[in-house]
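Commentary on secondary and tertiary structure
Given next are the chains, with one letter for each unit.
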Amino acid sequence: MAPGNRRQPHQWLLTARSNRARELLETTDLQVEQIAIRCGLGSSTNMRARFRDTLGITPTAYRRTFQHRAA
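Residues numbered from 1 in each chain as written. Predicted model: local features only at pLDDT ≥ 70, side-chain atom pairs only at ≥ 80, totals over all residues. Heavy atoms only, no water.

**Topic: the confidence of the model for the protein chain**
Of all residues in the protein chain, 87% attain a pLDDT of 70 or more, and the chain-wide mean is 89. When mean pLDDT is taken per element in the protein chain, helix H2 (residues 32–38) scores highest with 97 and helix H4 (residues 59–70) scores lowest with 83. (pLDDT = per-residue confidence, 0-100. Helix = DSSP H or I, 4+ residues; strand = E, 2+ residues; numbered from the N terminus.)

Encoded structure:
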């Protein structure tokens, strides 16, 4: 990996947690709060903020968009 591509451990962990949350939103009917806790994001409030910052969309909107593609 080139030096410019290295991420801080904290950033790597947040990305991994967000990716897992996305996977659970896509594949389960768990509530957002349950997903946030399972993924280590702490709360649905924190998860919503993380999604808005990285994806520009809320977890509920993400789930809705993905479900429409799967239908």
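**Observations concerning the pattern of salt bridges**
Tallied over the entire structure, the rule returns one salt bridge. A salt bridge links Glu23 to Arg20, with the nearest nitrogen and oxygen atoms 2.7 Å apart. Of this pair, Glu23 and Arg20 both sit in helix H1 (residues 9–27), three residues apart, which is roughly one turn of that helix. (Salt bridge = Lys/Arg side-chain N within 4 Å of Asp/Glu carboxyl O.)

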